[in-house]
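Examination of the molecular architecture
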There are 2 protein chains.
Amino acid sequence: MEREPATAALLIIGNEILSGRTHDKNIPYIAERLTGVGVNLREIRVVPDIEAEIVSAVQALSARYAYLFTTGGIGPTHDDITAECVAKAVDRPLIRNPEAMRLLTAHYDRLGVPFNEMRQRMAMTPEGAALIPNPISAAPGFIIDNVHVMAGVPKIMQAMLDAVLPDLVGGPPMRAKTIMCNTGEGTVAAALAEIQARFETVDIGSYPGQTATGFHTQLVLRSADPDALDAASDAVFEEVAALGGAPHYL
Amino acid sequence: MEREPATAALLIIGNEILSGRTHDKNIPYIAERLTGVGVNLREIRVVPDIEAEIVSAVQALSARYAYLFTTGGIGPTHDDITAECVAKAVDRPLIRNPEAMRLLTAHYDRLGVPFNEMRQRMAMTPEGAALIPNPISAAPGFIIDNVHVMAGVPKIMQAMLDAVLPDLVGGPPMRAKTIMCNTGEGTVAAALAEIQARFETVDIGSYPGQTATGFHTQLVLRSADPDALDAASDAVFEEVAALGGAPHYL
């Protein structure tokens, strides 16, 4: 199967998200940053710390999308199994990465903390992986084929993603316009459907809300084609005004 | 394939999560409530408002887990396509549900708002579906086979989930204990791995953190077996104490 260019998937690895213990804070950051470089986040999966689940998700998502990003499971404890699972998924041996060993040895020397056997697990990568630097706690992420393995801790994940963003090949950047109107969705829905049918390259989303003063709807138009975006937005604005929705751009 | 008893998957439908525009607030609520009734949330997927993606995810997840919950895409606008996709996935005709029509007709009568053709889209369900009440904005969710279709708006989703929880068949409830220790993960990792190997029915998770005063690690033990949970927790507590981690239960 041909990978779709300028697309990405995110695989979140961790029992703690599925149990509700930890509230994911990484999805919005990753979604916004990828959008910013013209990469379209097309799918997200969350799976538990179970080898077969991780391997199968890595294989399915890396085969289909141009980029796969993973978060979580790269620490020193027994439940950190991402590196070995990714190695299996891409069919490479898991090795003690020499560059990662150097980085971590220096880091723990500085801290005066023993670089013990469990901590050395953080230096394991599939053979041939390129490291992603971790400016916060040293333990690196890595890239193998199109799979980008990152930490789950938000600050570290953000630094890792920012480090790899310049190397991604995006499509034309998506632009967005948001029109707020003061009616319920149902009042403008027929007009929106008609405009959506006319503008294939524009994605029109409708998000209802309610405040003390009544219903409102946010209409979000997204496109990589600025002219189509302007034309569709003008059409939506006019139709909403004609329907009494008092539109304004946000 | 036999469905795994007392398991569930969550399918989040919506471009707005993948673009980063909307931050999901539903995962933690759903995860915690399901855990509370002994249902193990095993997988989450987020897919865009694209028919083929939704149909294929519904089929894959409903075949594998005892329950599938979906959120999003049940409003009146063109991008709300969940009902028709679920109907395709379970191979039933999409019908104008008579009970949903009655509820929505009464609702819009009360509001003095026209129950127009687009709003009537919210009364469409697969044939044979049971409705899930919506005490906030009337438009119901529905259950067909093991698929539970809910709204994406958090308040409405929560009311819908709470309405169906009593009918779910859970396993024995998971219990959890959390031990806080004041060392980094790497210091206690070998001991944890050894204890994890001894207690197969207990899931031991390790979550690092850092504050101004140094590193700390939260150790979370989860099990449906209270005796095993107590024994494993005691073992972790003792080992962490012996390693100078000054453990305390949270």
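Nothing here was measured: the structure is a model prediction, and the numbers come from that model. (Residues numbered from 1 in each chain as written. Chains lettered and ligands numbered in written order. Predicted model: local features only at pLDDT ≥ 70, side-chain atom pairs only at ≥ 80, totals over all residues. Heavy atoms only, no water.)

Each copy of the sequence occupies a distinct position, and chain A is placed on chain B by a rotation of 180° and an axial shift of 0.0 Å, giving an RMSD of 0.0 Å. Such a turn and shift between the copies fits a two-fold axis. Among all residues of chain A, the one whose C-alpha sits closest to the rotation axis is Arg-45 of chain A, at a distance of 2.2 Å. Looking at the interface residues of chain A, 100% of them are also at the interface in chain B, so both copies use one shared face. (Least-squares fit on C-alpha atoms with pLDDT ≥ 70 in both. Contact = heavy atoms within 4.5 Å.)

As a further point, take empty space enclosed by the protein. Applying the stated criterion to the full structure yields 1 cavity of 30 Å³ or more. Its boundaries defined by the atoms lining it, the largest cavity holds a volume of some 30 Å³. Surrounding the largest cavity, Asn-15, Glu-16, Ser-19 and Arg-21 of chain A together with Asp-203, Gly-205, Tyr-207, Val-220 and Arg-222 of chain B form its lining. Listing elements by their share of the lining of the largest cavity, those giving two or more residues are helix 1 (15–18) of chain A together with strand 10 (203–211) and strand 11 (214–223) of chain B. The element that contributes the greatest number of residues to the lining of the largest cavity is strand 10 of chain B, accounting for 3 residues. Across the lining of the largest cavity, the residue classes break down as 2 nonpolar, 3 polar and 4 charged. (1 Å grid on protein atoms, 1.4 Å probe; cavity = no way out; pocket = protein on both sides within 12 Å on 5 of 7 lines; lining within 4 Å. Points joined across faces, edges and corners; volume = space filled by probe spheres on them. Helix = DSSP H or I, 4+ residues; strand = E, 2+ residues; numbered from the N terminus. Nonpolar A, V, L, I, M, F, W, Y, C, P; charged D, E, K, R; others polar.)

Now for the sheet that holds strand 11 of chain B. Residue and element names in this part refer to chain B. The 4 strands lie next to each other as 10-11-9-12, forming an open sheet whose pairing is antiparallel. Both edges of this open sheet fall to strand 10 and strand 12 (248–249), since each of them pairs with a single strand only. Pairing of strand 9 (residues 175–181) with strand 11 involves 7 bridges; the strand directions are antiparallel. For Cys-181, the partnering residue across the bridge sits in strand 11 and is Thr-217. (Pairing = 2+ DSSP bridges.)

Right, let's get into the sheet that holds strand 10 (residues 203–211) of chain A. Spatial ordering of the open sheet is given by 10-11-9-12 (chain A), a layout of 4 strands whose pairing is antiparallel. The open sheet terminates on both sides in strands that have one partner only, identified here as strand 10 and strand 12 (248–249) of chain A.

What the domain assignment reports for chain A is domain 1 (4–167) and domain 2 (175–249). Taking only C-alpha atoms into account, the centre of domain 1 of chain A sits 38 Å from that of domain 2 of chain A. (Domains from an automatic or database assignment.)

This part takes up the nonpolar core. Leu-34, Phe-69 and Leu-161 of chain A together with Leu-34, Phe-69 and Leu-161 of chain B are the most contacted members of the largest nonpolar core, which totals 100 residues. Excluding its chain neighbours within four sequence positions, the residues that come into contact with Leu-161 of chain A are Tyr-29, Ile-30, Arg-33, Phe-69 and Met-150 of chain A. (Core = buried A, V, L, I, M, F, W, Y, C linked by side-chain atoms within 4.5 Å. Buried < 20%, exposed > 50% of the residue type's maximum accessible area, 1.4 Å probe, protein only.)

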